[in-house]
Amino acid sequence: MKKIGAILTVILVYSAIVFYFGWSVLTWLEAIMPVNKLVFFVIWALIAYALLIARIDHRLRLFHIIGSYWMIIMQYGIILFPLATIMTWIMPDQLIVIGSIVFLLFVLSVVIGTYNAYTPVVRELSITLPKKEANLDELKVVVASDFHLGLLSNKAHLKRFVKKSNEERPDVVLLVGDLVDDDPIWFVKKGMSEVMKQLTSTYGNYGVLGNHEYYGKQIPLLVEEMEASNVKMLLDETIVVADSFYLTGREDLTNKERKQLSDLAPQEHNLPWFVMDHTPSNLLIPEKEGTDFHVSGHTHRGQMWPNHLFTRKLFELDYGYKQKGSLHAIVSSGFGFWGPPIRLGSQSELWSVNIKLGDVEV
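First things first, this report covers the structure right here in the doc. (Residues numbered from 1 in each chain as written. Predicted model: local features only at pLDDT ≥ 70, side-chain atom pairs only at ≥ 80, totals over all residues. Heavy atoms only, no water.)

The next thing to look at is the overall build of the protein. On a plain count of helices and strands, the protein comes out with 13 helices and twelve strands. If one aligns the C-alpha atoms of the protein with their principal axes, the spans along those axes are about 75 × 45 × 40 Å. In the protein, which comprises 362 residues, the proportion classed as buried is 50%. Taking as baseline every contact in the protein between residues at least 6 positions apart, the subset at least 24 positions apart corresponds to 74%. (Helix = DSSP H or I, 4+ residues; strand = E, 2+ residues; numbered from the N terminus. Buried < 20%, exposed > 50% of the residue type's maximum accessible area, 1.4 Å probe, protein only. Contact = heavy atoms within 4.5 Å.)

Here it is in C-alpha cells:
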C-alpha cells in the first residue's frame, strides 16, 4: 500500500506541475492570439506523457522523441516558470515580453545544447604507468562511454565516433558501458553494427555493460550484436592484451551479483592492470587492489546544468582525470546523451590517452 501511495503521490505532483506549466504557456499564448483551450491541453498532455505512451510499443518512436525533448521543459521550467509568474505579478502589463523571454531562453538552450551534444571533442591525456614485464613501451588508448545508441543518439552520431576514434589510430579502444539506450532494438534495426565494424585499433576493441543495458533486459542480444561488431564484451572477466597489460571488464553496479574486484585481480602483478567499470562508485577499491588505470562513465557530467552540482556530491571523481596514489582514473562525460540530445555545461567527448610504460617517479 505504501508503494502504491508513493506512486500516486508522484503522479499527482507531476500532473500538477504539468498543468501549471501548461496554464502558464496558455496564458502567454492567449495574450498573443486566440487559442482553443481544449485542443491546447490535449496536445500539452500528449507531450507531457509522451515517454509513457512510447513505452507501449517501439513503433510509437515519435512519442519517444517528443518525450525526450519534454525533459528540457521539466528541467528548466522548474526555474523559469515560477520566475516568470513572479515577474508577471509585478509587471502584469509585460506578460507578452516576459513570456517571450522565457520562450527564447528555451530556444537558446536547445540550440546551444544540441551543438554541444552533436559536436564531440577529443580530450587528450598523457600518463606514465609502470612497465613491469610488458612487451610494449607505449600505447594509445581511446576511451568512450555512454553512447545511448537509439533514436536520437543515432547512426550518424556513431559515425562521428568511429571517424574521430580512427583518426587517433589507437592501439586499444575501451567502450565503458551504456552503449545502447536500454533496448538494442534501434541498434539492430538501423544497422549500426555495420558502422561499429569500421572501428579500428591495433589490439582490439573492448566493452562493458552499463546500467541502461540492465534496464533494457536484452543483454544477450546486446552482447551478440557487439561481438558481431568486433567489440569484445568483458563480463566480470580479466584478459591479457598484447602481452603488455591486464584488462578487466566489470559488470555494472546494477548487477548485485557481480564479482568483487579482488576476485577479478590478476594472480600475478607482472603487467599493468587496466579496469573498465561503468559507474565510478568507489575509487578506494581499485586503488587498494593495485589497479593502474581505471576508466568509467555514467555521470554524463550532469549533462545539463546545474546537474553537475549533484554528481560532484555523489562521486569522488564525477568527471575528468585524477591520480590517486598509483591509480590513474578517468571518468568521461560520455559520447552520447540520455533523454534529450542536449548538453549544457558538458560536451560529448572521447578521451585519447597516451600511455608510456616505463619508470614511474615516486
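After that view of the structure, there is still more to cover.
An α-helical turn contains 3.6 residues, so a residue and the one three or four places further along point in the same direction. Given a rise of 1.5 Å per residue, twelve residues ought to cover 16 Å, and the 16 Å separating the end C-alpha atoms of helix H2 (residues 37-48) matches this to within 8%. Here H2 has its buried residues at Phe40, Trp44 and Ala48. For H2, the angular spread of the buried residues around the axis is 60°, confining them to a single face. Where H2 is buried, its residues meet helix H1 (2-30), helix H3 (50-54) and helix H4 (61-90). Sitting at the head of H2, Asn36 places a side-chain oxygen 3.0 Å from the backbone nitrogen of Leu38. (Expected span 1.5 Å × (residues − 1). Arc of directions from axis to C-beta. Polar contact = N/O pair within 3.5 Å; in protein donor to acceptor, adjacent residues only side chain to side chain.)

Taken together, the side chains of Phe103, Leu104, Val107, Leu108, Val111 and Ile112 present a nonpolar region at the surface, about 540 Å² in accessible area. Within the element layout of this structure, Phe103 appears in helix H5 (residues 95-118). A relative accessible area of 45% places Phe103 in the partly exposed class. (Patch = residues over 30% accessible without salt bridge, like charges linked within 9 Å, V, L, I, M, F, W, Y side chains within 5 Å. Areas by Shrake-Rupley, 256 points an atom, 1.4 Å probe, with all protein chains shown as cover. Salt bridge = Lys/Arg side-chain N within 4 Å of Asp/Glu carboxyl O.)

To continue, consider the environment of Leu60. When you line up the elements, Leu60 lands in the loop between H3 and H4. Residue classification places Leu60 among the partly exposed positions, given a relative accessible area of 29%. In this structure, the C-alpha to C-alpha distance between Leu60 and Ala50, residues ten residues apart in sequence, is 9.3 Å. Those residues in contact with Leu60, other than ones at most four positions away along the chain, are Ile53 and Ala54.

Now for the pairing of strand S10 (residues 320-324). Across five bridges, the pairing between S10 and strand S11 (residues 327-331) is antiparallel. For Tyr321, the partnering residue across the bridge sits in S11 and is Ile330. Hairpin connection of S10 to S11: two residues between the antiparallel strands, including Gly325 at a positive phi of 65°. (Pairing = 2+ DSSP bridges.)

At a minimum axis separation of 8 Å, H2 and H4 run at an interaxial angle of 90°. Taken together, the axes of H2 and H4 are roughly perpendicular relative to one another. On H4, the residues touching Trp44, Leu46, Ile47 and Ala48 of H2 are Phe63, Ile66 and Trp70. (Axes fitted to C-alpha atoms, helices over the stretch in contact; angles between N-to-C directions. Parallel < 35°, antiparallel > 145°, perpendicular 65-115°, else oblique.)

Helix-helix packing: each pair is described by the crossing angle between the helix axes and the interaxial distance. It is the contact of H1 with H2, at a shortest axis distance of 10 Å, that shows an interaxial angle of 135°. Overall, the two elements H1 and H2 adopt an arrangement that is oblique. Considering the relative orientation of H1 and H2, their crossing is right-handed. Contacts between H1 and H2 involve Tyr14, Val18, Phe19, Phe21, Gly22, Trp23, Val25, Leu26, Leu29 and Glu30 from the former and Lys37, Phe40, Phe41, Trp44 and Ala48 from the latter. A class-by-class count of the residues in the contact of H1 with H2 yields twelve nonpolar, one polar and two charged. (Left-handed = near helix turned anticlockwise from the far one by under 90°. Nonpolar A, V, L, I, M, F, W, Y, C, P; charged D, E, K, R; others polar.)

Attention shifts here to the packing of aromatic side chains. Within this structure, the stated rule accounts for 18 aromatic pairs. When the ring of Phe21 is compared with that of Phe81, the centres are 4.6 Å apart and the planes differ by 35°; the resulting orientation is tilted. Within this pair, whereas Phe21 is found in helix H1, its partner Phe81 is found in helix H4, the two being separated by 60 residues in sequence. In this structure, Phe21 and Phe81 share a single accessibility class: buried. An angle of 80° between the planes, with centres 4.8 Å apart, marks the rings of Phe147 and Phe161 as edge-to-face. With a gap of 14 residues between them, Phe147 in the loop between strand S2 (138-144) and helix H6 (155-167) and Phe161 in helix H6 connect regions that are remote in the sequence. The same class applies to Phe147 and to Phe161, which are both buried. Every member of this aromatic cluster is reached through a ring pair, and the members are Phe19, Trp23, Phe40, Phe41, Trp44 and Trp70. (Phe/Tyr/Trp six-rings, centres within 6.5 Å; stacked < 30°, edge-to-face > 60°.)

Along the chain, Asn116 falls in helix H5. The exposure class of Asn116 is buried, given its relative accessible area of 13%. Other than its neighbours up to four places away in sequence, Asn116 contacts Arg343, Leu344, Ser346, Gln347 and Ser348.

Here Ala48 shows up in helix H2. Expressed as a C-alpha distance, the spacing of Ala48 and Arg343, which sit 295 residues apart in the sequence, is 21 Å. Apart from residues no more than four positions distant in its own chain, Ala48 is found in contact with Tyr14, Val18 and Trp70.

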